[in-house]
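Understanding the architecture of this molecule
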Amino acid sequence: MDYIVPDKVSTVADFFDDLNLAIFLASAFFTVAIVGAMLYFAFRYRAKSSNDITPRIEGNHLLEIVWTVVPTVVVVVIAWVGIVLREKMFEVSPNVIPIYVTAWKWAWEFRYPTGKRTSGQNAELVVPVNKPVKLVIASKDVIHSLFIPAVRIKQDAVPGQLKYMTFTALKTGEYPIFCAEYCGTRHSYMMAKLRVVSEEEFNTWVNTIPEKTMPKRILGKKLYTDLGCNACHSVEPSVNLVGPSFYDVFGAQRNFKDGTSLTADENYILESILYPNKRVVQGFNENVMPSYEGRLSQEELMALVSFIVELKTAPKEELVEVVFEKDEKIDLEKMTPLERGKYLYSAKGCNACHSVDGSQLVGPSFKGLHGARREFADGSSVVADDSYIKDSILNPNARIVKGFVAAMPSYQGQLNEDDLAGIVEFIKSLK
Ligand code: CUA
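Quick summary incoming for the structure in this document. These figures come from a predicted structure and were not determined experimentally.

**Side note on the packing of helix α8 (residues 337–347) against helix α10 (residues 417–428)**
- Running from N to C, α8 and α10 cross one another at 90°; their axes reach a closest spacing of 7 Å. When the interaxial angle is binned, α8 and α10 end up roughly perpendicular. Along the contact surface, α8 presents Pro337, Leu338, Arg340, Gly341, Lys342, Leu344 and Tyr345, while α10 presents Asp418, Asp419, Gly422, Ile423, Glu425 and Phe426.
- For the contact of α8 with α10, a count of residues per class yields 6 nonpolar, 2 polar and 5 charged.

**Observations regarding helix α6 (residues 298–309)**
- For α6, with 12 residues, the first-to-last C-alpha span of 16 Å sits near the 16 Å given by 1.5 Å per residue.
- Within α6, 10 of the 12 residues are buried, leaving the element largely enclosed by the surrounding structure.

**Description of the nonpolar core**
- Judged by nonpolar contacts, the single largest core of 40 residues is most densely connected at Trp108, Phe110, Leu125, Leu135, Phe167 and Leu194.
- The biggest single contributor to this core is strand β10 (residues 192–197), with 4 residues.
- In this structure, Tyr247, Phe256, Phe284 and Ala407 belong to the second largest nonpolar core, which totals 37 residues.

**Some words on the sheet that holds strand β1 (residues 97–104)**
- Taken in spatial order, the 5 strands make up an open sheet running β3-β2-β1-β5-β8, and their pairing is mixed. Both outer strands of the open sheet, β3 (117–119) and β8 (163–168), are each paired with one neighbouring strand and no more. This sheet shows a mean twist of 20° between the axes of neighbouring strands, independent of strand direction.
- Inspection of the sheet shows β1 paired to strand β2 (residues 107–111) by 5 bridges, in the antiparallel sense. Within β2, the position partnered with Trp104 by the bridge is Ala107.

**Considerations on the packing of aromatic side chains**
- A full pass over the atoms with the stated rule returns 11 aromatic pairs.
- Geometrically, the ring pair formed by Tyr112 and Trp205 is edge-to-face, given 5.1 Å between the ring centres and 80° between the ring planes. Of this pair, Tyr112 sits in the loop between β2 and β3 while Trp205 sits in helix α3 (residues 199–207), and the two are 93 residues apart along the sequence.
- What makes Tyr112 buried here is its relative accessible area of 1%.
- Judged by relative accessible area, which is 15%, Trp205 ranks as buried.
- Taking 5.7 Å as the distance between ring centres and 55° as the angle between the ring planes, the aromatic pair formed by Tyr224 and Phe246 counts as tilted.

**Describing the sheet that holds β10**
- Across the sheet, 5 strands lie side by side as β4-β10-β9-β6-β7; this open sheet has mixed pairing. The open sheet is flanked by β4 (124–128) and β7 (153–157), the only strands paired with a single partner. Neighbour to neighbour, the strand axes of the sheet diverge by 25° on average, direction disregarded.
- Pairing geometry for strand β6 (residues 144–148) and strand β9 (residues 173–179), over 2 bridges, is antiparallel. The residue bridging Leu146 from the neighbouring strand is Cys179, located in β9.

What counts and what doesn't
- Every chain is numbered independently, its residues counted from 1 as its sequence is written.
- For a predicted model such as this one, the threshold for reporting local features is a pLDDT of at least 70, and the threshold for listing and counting side-chain atom pairs is 80 or more; totals across whole chains, interfaces and linings nevertheless cover every residue.
- As a rule here, side-chain values cover all heavy atoms of the structure and leave hydrogens and water aside.
- Every axis corresponds to a line fitted to the C-alpha atoms, with the helix fit spanning only the stretch in contact, and the corresponding angles, defined between N-to-C directions, vary from 0 to 180 degrees.
- Secondary structure counts use DSSP, requiring at least four H or I residues in a row for a helix and at least two E residues in a row for a strand, with both numbered from the N terminus.
- Roughly parallel covers angles under 35 degrees, roughly antiparallel covers those over 145, roughly perpendicular covers 65 to 115, and oblique covers all other angles.
- Should any heavy atoms of two residues lie within 4.5 Å, those residues are considered in contact.
- Side-chain classes follow a simple rule in which Ala, Val, Leu, Ile, Met, Phe, Trp, Tyr, Cys and Pro form the nonpolar group, Asp, Glu, Lys and Arg form the charged group, and the remainder, Gly included, forms the polar group.
- A helix is expected to reach a length of 1.5 Å times the quantity of its residues less one.
- Accessible area is worked out with a 1.4 Å probe on protein chains only. A residue is then buried under 20% of its type maximum, exposed over 50%, and partly exposed in between.
- Only buried residues count toward a nonpolar core, which is a set of Ala, Val, Leu, Ile, Met, Phe, Trp, Tyr and Cys residues joined through side-chain atoms within 4.5 Å.
- Between any two strands, pairing holds if DSSP finds at least two bridges.
- For Phe, Tyr and Trp, where Trp contributes only its six-membered ring, two rings pair if their centres lie within 6.5 Å, and the inter-plane angle classes them as stacked under 30 degrees, edge-to-face over 60, or tilted in between.

Here it is in structure tokens:
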């Protein structure tokens with residue numbers, strides 16, 4: 001069959017081809033048998049003269065049972081084998097080399113944990129021979145479909161979702177990759193190349209990184225602090241703040257308040273960023289985390305996902321840097337109170353919940369806060385002065401402003417007098 005089917009290099013390819021051939025042969029057999037019988041009967045029992053009368057036949061139970069049961073069994077067997085094959089094709093091996101695939105109109109991008117990246121005209125999916133790889137597939141715009149005929153697997157790239165593909169390539173060489181979902185004018189040009197190489201060659205290739213490209217998780221790490229995720233999520237094992245620790249998430253069983261549970265994969269992490277209140281982990285509160293839907297680009301989302309996924313496997317220096325970055329290098333003592341407050345506002349992640357432009361996030365905006373009258377859920381009120389602001393940072397849940405929930409962690413012990421004074425100065429400056 002080699003001359004009519006593409007090269008095959010994956011573990012499921014033989015299974016796929018065998019099933020395909022079996023279905024083809026079964027179809028050919030029944031086509032010949034049915035059309036052949038039809039032609040034979042048409043000829044054999046044709047009307048020989050105008051007074052030939054067609055006999056009235058009352059039916060035959062045995063015949064009817066046979067032609068109902070036999071095709072049913074054939075179809076059920078094909079479906080069963082098809083299901084088994086499908087399971088094999090979409091089995092996701094969790095602990096294998098992850099490769100992040102991003103599709104857009106009209107190109108593919110392949111990104112490796114080392115930071116190696118290929119895309120566009122030179123898009124190349126390089127994989128080691130005889131080693132399983134896991135592709136995590138995303139789309140920036142419309143539905144595309146990653147189709148590698150040589151491995152006999154096709155997987156859609158769907159915006160807002162991550163899809164997976166796992167395969168093991170068995171033969172070195174180069175094979176074409178197509179987009180198999182019509183996605184616009186240049187759909188047919190949306191091609192890439194699968195290159196299967198020896199393990200040594202792969203390791204050399206994946207670690208040869210031109211300057212300036214960095215692993216996605218490095219950008220993710222930056223976003224982790226820039227967006228203030230760090231205010232509520234630690235990256236240390238079992239250290240839960242307002243939200244769960246990021247360290248423990250990937251691959252772990254998550255139990256939700258509604259009684260359901262799942263094993264955290266990339267998709268779950270993405271969903272938790274976009275729709276944080278869809279599934280709330282037991283022991284945590286809903287409606288505390290804001291949704292990041294529409295606030296981050298596809299690339300930023302993928303960066304955050306890979307940051308969280310790779311926390312345990314990333315080089316230790318990176319993790320340490322994340323944990324201590326905000327206290328290192330920067331000399332708070334040399335700053336003016338205002339600079340210090342401004343710095344702490346993002347370093348401590350206040351920015352995750354408090355805007356500086358008047359918009360309402362999880363907590364009240366800092367703009368115009370100082371000097372304004374605050375009304376509390378219990379009906380009392382005060383004018384926000386320096387000591388009210390300091391008190392709100394140290395004992396945030398003592399008095400809850402009307403319309404907000406008790407979501408803020410206490411900063412008692414994390415900030416000294418000068419830090420507090422700096423934050424007050426910063427808030428004062430936001431008129
Ligand atoms: Cu992308 Cu068709």
